[in-house]
Amino acid sequence: MIEIKNLSKRYGKIEAVKNVDFSVKNGEIFCLLGSNGAGKTTIIKILIDLLEASSGEALIDGKSMRDDVMSKMLFGYLPEQPHLYKRLTGREFLNIMGSLKGVEKERLDEFIELWSRRLELDGRMNSEMGSYSKGMKQKILFMNAMVHDPPNLVLDEPTVGLDPRFSQYMKKKIERLSHENKTILMSTHITSVAEDIADRVGIIDRGELLTISSPDDLMDRTGRDTLEEAFVEVIDDERRNA
Amino acid sequence: MMKEGTLELFSTEIKHSYRGFKERVVERPFMTFWFIILLVGGFWMVLMMVELIQGIDELPFTPSQGNILFVVFFVIMSKASVETVENTMRNHQLKHYFSTPISFQKVQISRFLKVFWYNLLLIALSLSIVCIHIYSFGFQPPIDDYFFYNLYILGISAPIIGFNLGVMTQVKKNIVKMGLLILYGQNITLVWLVLHSNISSTVIPYYLLAISLLSFVVLLTSKKLFWMGWKNGTSSSSSQNLRFHGSGDILPGFLDTLTRRVAEKEILIRWRRRESPASLGVTALIGGGLLFTYIQLGPDPDLGLGLDEFFYPVLIGMGLFLAVTLQVLFPTLSLFGREGKAFWLIRSLPVKPKNVIRGKVLAILLFSPFIPLMVALPVPILLSYSFEKILFLFISSLLLIILLGGIGAWASSKYPNFDESVNGAPDVTTMYTTMMVGMFFSGIFVLIPASIFILNRWYGLLALTSMLAITTVIFYILCGRAATLYHEREMDF
């Protein structure tokens, strides 16, 4: 379970996140939707301890990652930008990351073999990652997030850079993971992804969480046919009233 | 049109650098002030040394005008070459320039101008400090009126030659690279020959000017080399032909798994970036320099310095400090900066900060045994020093490694530079300040036991071993502090 409690983050006078409060239940897919710079990535970075909250707290299975580093076993993270160690091969990278996450060698080898085949990376696992395309890096990062079979997944723009085949594969995989009772917090500005797989979406704008709802409810409430139109309606409405 | 494009790129680079510099000065005013004091003091020391050794005839080199100019030329050229490799040839961000309709040459010239501009600033600043010292303290360096003409011209030719050499080092095929470096490297020999020839002082500037022009022509005609070198410098390859590969079982199993894995990751990356082989090479060069001095001067050099039998211990001490600075201090300074934007990877792992620091420092310290082997031991063995003396030098080298390693680890967490345009290298104020702090403390920790050693060898060794124990405690404290700073660091980029 993921809990965000009255979370705020300030950079000097700029308030990037303002009293955001929500939780993601076990087995749920929760999608943060927002424009560029809305504060989605900041919330995620605080949750996994890349940033420190100005106030409030972010917990995974009741634990703060800042207070207990070993609790980082509880999540797998896929970042928005695929920054990797360019001089390591995909196999070396996953071996090192897996063993740092406490995965046994035998299981790790099986995982790498299986997933590199599934994601069609098996021919490139011994090449340095600096030579990978963005999509290949995204696949490696997805494997890295899953390597220790964590109960929670934090995915920042998981389908960016993937071709339509793998984008669809990724969406199906995320749905399957939620059926296995894994908690999934996603951020995206591709509304069709959220519409297809999210149980609930939270719309965030200028650091404020405007609404939380299921995609269908949101479309009904705004009278729109697609989540994209509903999203734009909510944001425009808020800005008009501001 | 060409001029406009080049100047636009150049001004962008300068603006970017200036903002970074300004930010550092505002963030760390004390550090900046301290840096200026150390810089001024450093030049004073150099002038003192020049004055001191002017009267010594036995040295294989003397501080003549030609030698001083050549040293200045060599330092600026080396600096320009390293900057070119690190900040240009391995700079992935140049792809943004290459993806615009600007020609390779404009990019090349703008990068050169950046290197050139900084070196001109450095010369101006250095000359100002030297002039103030000469007038304030009455130093009399062996220079005449033509010194400044030559210096100005060398100030132009050194960055050009350094830039061209930096580009050539990144050529993919080793045979072509070696050929180019050997051929073009003759420019350095030419400068040396001109500065040490019997040609009249009035004519030397014209020869130097000719060398500068020749090098500039090479710069203008090497745009394809620049493009190929950049592609090679920023590309990654299959690891099949690299020495370390596989799952990374490089280190012995008695270390804890997490520390071992972090260290293995570091070793692999540092080796593939050729940082470890390069620093080992520099250590071998320092050791070779000490051996050369021994061969030149013999076992009992009478240099009139008043050092007598302490000449070699002092020289070895200086060599050790330099080797430890280059092989341990500077690499540890970039422990975190080198991670760049991939810093999130290590921060999102369930690994305690102390394991991260231990693993990263261990990866650098693993190569440090070469320092006593190459620098501290060969000359004393040739001089048939007693066992106690050799042991003293050996323990001193361990002390320096631990002390500078600790200082570097702390500073890397306190002042990381995540700027990918310089590959995360620490900024010059951090490098210089930590070096001077390291020199101060290593002086205290080694010189006190050394004084006792002169009176009684065994008490001296006991004192040094005690200092080593104290240094080890300091190392643990500094690493612990580094771990806390790492844990508290925000990744707001």
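First things first, this report covers the structure right here in the doc. A quick note: this is a predicted structure, and the numbers were derived from the prediction, not measured. Residue numbers here run from 1 along each chain, matching the order of that chain's written sequence. Written order determines the labels here, with chains lettered from A and ligands numbered from 1. In keeping with the predicted nature of the model, local features appear solely for residues at pLDDT of at least 70, side-chain atom pairs appear and are counted solely at 80 or more, and the whole-chain, interface and lining totals rest on all residues.

### Things to note about helix 8 (residues 227-241) of chain A
All names here are of chain A. Between its terminal C-alpha atoms helix 8 stretches 21 Å, which fits the 21 Å expected from 15 residues at 1.5 Å a residue. Looking only at helix 8, the buried set comprises L227, A230, F231 and V234. An end-on view of helix 8 places all buried positions within 105° of arc, on one side of the element. Opposite its buried face, helix 8 presents the exposed residues D236, R239 and R240, each directed more than 90 degrees away. The contact rule is simple: place each C-beta atom from the backbone, and if two of them lie within 7 Å, those residues are in contact. By the criteria applied, helices consist of DSSP H or I runs no shorter than four residues and strands consist of E runs no shorter than two, each listed in order from the N terminus. Summarising the contacts, the buried residues of helix 8 are in contact with strand 3 (29-34), helix 6 (191-197), strand 8 (200-205), strand 9 (208-213) and helix 7 (215-222). Helices are assigned an expected span. That span is 1.5 Å times one less than the residue count. Put simply, a residue is buried when 20 or more other C-beta atoms lie within 10 Å of its own C-beta and exposed when 12 or fewer do; between those, it is partly exposed, and each C-beta is set from the backbone. Picture the helix axis, draw a direction to every C-beta atom, and the arc is the one those directions span.

### Overview of helix 10 (residues 223-234) of chain B
All names here are of chain B. Helix length check: helix 10 (twelve residues) gives 16 Å between terminal C-alpha atoms against 16 Å at 1.5 Å per residue, within 8%. Those residues of helix 10 lying buried are L225, F226, G229, W230 and G233. Angularly, the buried residues of helix 10 cover 130° about the axis, an arc narrow enough to put them on a single face. Structurally, helix 10 contributes buried residues whose contacts are with helix 3 (65-89), helix 5 (104-137) and helix 6 (146-168).

### Looking at the interface of chain B and chain A
Facing 30 residues of chain B, the contacting portion of chain A comprises 32 residues. Only helix 11 (257-272) and helix 14 (343-347) of chain B provide two or more residues apiece to the side of chain B that touches chain A. At eight residues, helix 11 of chain B tops the list of elements feeding residues into the side of chain B that touches chain A. Class assignment for the residues of the side of chain B that touches chain A results in ten nonpolar, ten polar and ten charged. Each residue gets one of three labels, nonpolar for Ala, Val, Leu, Ile, Met, Phe, Trp, Tyr, Cys and Pro, charged for Asp, Glu, Lys and Arg, and polar for the others, Gly among them.

### Focus: the sheet that holds strand 4 (residues 55-60) of chain A
Backbone-to-backbone hydrogen bonds pair the strands of a sheet. The strands run either parallel or antiparallel. Residues and elements named next belong to chain A. Any two strands with at least two DSSP bridges between them are considered paired. Spatially, three strands are ordered 2-1-4 in an open sheet, and the strand pairing comes out antiparallel. At either margin of the open sheet sits one strand with a lone partner, and together these are strand 2 (14-24) and strand 4. Sheet twist, expressed as the mean angle between neighbouring strand axes with direction ignored, is 20°. Pairing between strand 1 (residues 2-11) and strand 4: five bridges, direction antiparallel. Across the sheet, residue K5 finds its bridge partner in strand 4, namely E57. Every axis in this analysis is a line fitted to C-alpha atoms, fitted for helices over the stretch in contact. Angles between the N-to-C directions lie between 0 and 180 degrees. In the packing of helix 1 (residues 40-47) onto the sheet, contacts are made with strand 1, strand 2 and strand 4, and the angle to strand 1 comes to roughly 115°.

### A closer look at the sheet that holds strand 3 of chain A
Residue and element names in this part refer to chain A. Ordered by their spatial adjacency, six strands build an open sheet running 5-6-7-3-8-9, and the pairing between neighbours is mixed. Of all strands in the sheet, those bounded by a partner on one side alone are strand 5 (75-78) and strand 9. The average undirected angle you get between the axes of adjacent strands in this sheet is 15°. When strand 8 meets strand 9, the two strands line up antiparallel, connected through five bridges. Looking at the pairing, G202 lines up with I212 of strand 9. Along the sheet face, helix 5 (residues 164-179) touches strand 3, strand 6 (152-156) and strand 7 (183-188) and points at about 150° away from the line of strand 7.

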